[in-house]
Amino acid sequence: MRSTRDAVIIGAGPAGSAAAIILARAGWSVALVEKEPFPRRKVCGECVAASNLRLLDTLGIGGAFEAAAGPALRRVALMSGERTIETDLPPTAGTHPWGHALGRETLDVLLLEQARAMGVEVLQPWSVQAIVGVPGDWHCRISATNADQSSVLRARVAIDAHGSWQPLPSARHSDRRAPRGSDLLAFKANFRNADLADGLLPILALDGGYGGMVVAEGGVTTVACCIRRDRLDACRLAAPGVRAGEAVEAFLRAQCRGVCEALQPATRVGPWLAAGPLNPGIRVDAHDGPFRIGNAAGEAHPIIGEGMSMALQSAWLLSQHLLARGKPNGATMAQQRDVASRYRAHWRRQFEPRLLFAAGFAHLAMRPRTTARLVGLAQAWPGMLTLGARIKVPLTHARGT
């Protein structure tokens, strides 16, 4: 192992691997630490918006992504109770007008293998035990998860790209709190032979939650949702002895005719996955700690599929700000703080409107009274369903901002 690297990145999901690829391609020495073996299934809606496909080309996996991914997503629907309202999604200008869905067990491997090909030092499965130091001189203590082995990585730049439910050691105690009925818990399952039209992206409005469905690679349909803890508890009380995921599936079928019809001929592939509670909000403003990207920087309600976009685009955004300073060899603490300040401001301009829109839409969708109004508005103005897609503004170049 090198004695000092230019950057250490914690987490090899889409954000971490994308940042590793970009920095390594620019000549940086990069270590990428990931505690889980790949491939892995994750609770994720799996949609990659069209605005990200040019970036996947830049990362070197665009062709492989499109070859593996599901059909082009051309229509969006709102499903609530007995009703379904559909409309066309607006195409994105350029060579990639439509988004696609691809399972994380495939996408994560594509990105990680590209990072390896760029010369990134991949430490997997290793977990971070502690990270201490200051910008310009970070010390990351890691240990192998399947062996009695540990090491300390020293790096000039540290990037936190951990997922929603995998905080760094320094945050694990502060994040603990008593469960609340309002907590949103996330669930996901895959189904074969579902009766869901290719290219349709339904949004599910539920009493106490929200969700979505999409046809991904190999014709497999992904069903993902978030449900309030108190609603889940009520579902499980109504069906004693049933696993949480199966209670959620029964709830979805009962709540939404569109889900019931889509899953009627389907067979579930593997168990339901669960994670949570969801923790939407902005966390990019932490001072003097590692740079933050992906969900470590900020998490949106996943009702409009912003998670993957924010992961990939925040990685690109931070990398451009770092590269604008050149190699980090002589970067002072003051210079890294200046990069952090510029990045945080740019991140907020780029992503804060999306978080606010997603939060508003999510809270409307999971309340019966407001859902009725939402459905009525969608019937009168179907274009409302495409607002989330329309605010996905292409990233501007970060150099010199």
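To be clear, the structure that these remarks concern was listed above.
Residues numbered from 1 in each chain as written. Predicted model: local features only at pLDDT ≥ 70, side-chain atom pairs only at ≥ 80, totals over all residues. Heavy atoms only, no water.

Q: Where do I start with unusual backbone geometry in this structure?
A: Most peptide bonds adopt trans geometry, and most residues besides glycine take a negative phi value. At the junction of Phe38 and Pro39, the peptide bond is cis and its omega measures out at 0° in the coordinates. Among the secondary structure elements, Pro39 is positioned in the loop between strand E2 (30–33) and strand E3 (47–48). In this model, Asn193 sits at a positive phi of 65°, which is unusual for a non-glycine residue. Take Asn193: it is sitting in the loop between strand E11 (184–192) and strand E12 (200–206). (Helix = DSSP H or I, 4+ residues; strand = E, 2+ residues; numbered from the N terminus.)

Q: Would you mind showing me how to read the pattern of salt bridges here?
A: For side chains of opposite charge, pairing can occur when their charged atoms come near one another. What the rule picks out here adds up to 23 salt bridges. The residue Lys188 makes a salt bridge to Glu46 at a minimum N-O spacing of 2.4 Å. Of this pair, Lys188 sits in strand E11 while Glu46 sits in the loop between E2 and E3, placing them 142 residues apart in sequence. Since its relative accessible area comes to 3%, Glu46 is described here as buried. Measuring nitrogen to oxygen at the nearest pair gives 3.0 Å for the salt bridge that ties Arg354 to Glu306. With Arg354 in helix H10 (residues 333–365) and Glu306 in the loop between strand E18 (298–299) and helix H9 (307–323), the pair connects residues that are 48 residues apart, well separated along the chain. (Salt bridge = Lys/Arg side-chain N within 4 Å of Asp/Glu carboxyl O. Buried < 20%, exposed > 50% of the residue type's maximum accessible area, 1.4 Å probe, protein only.)

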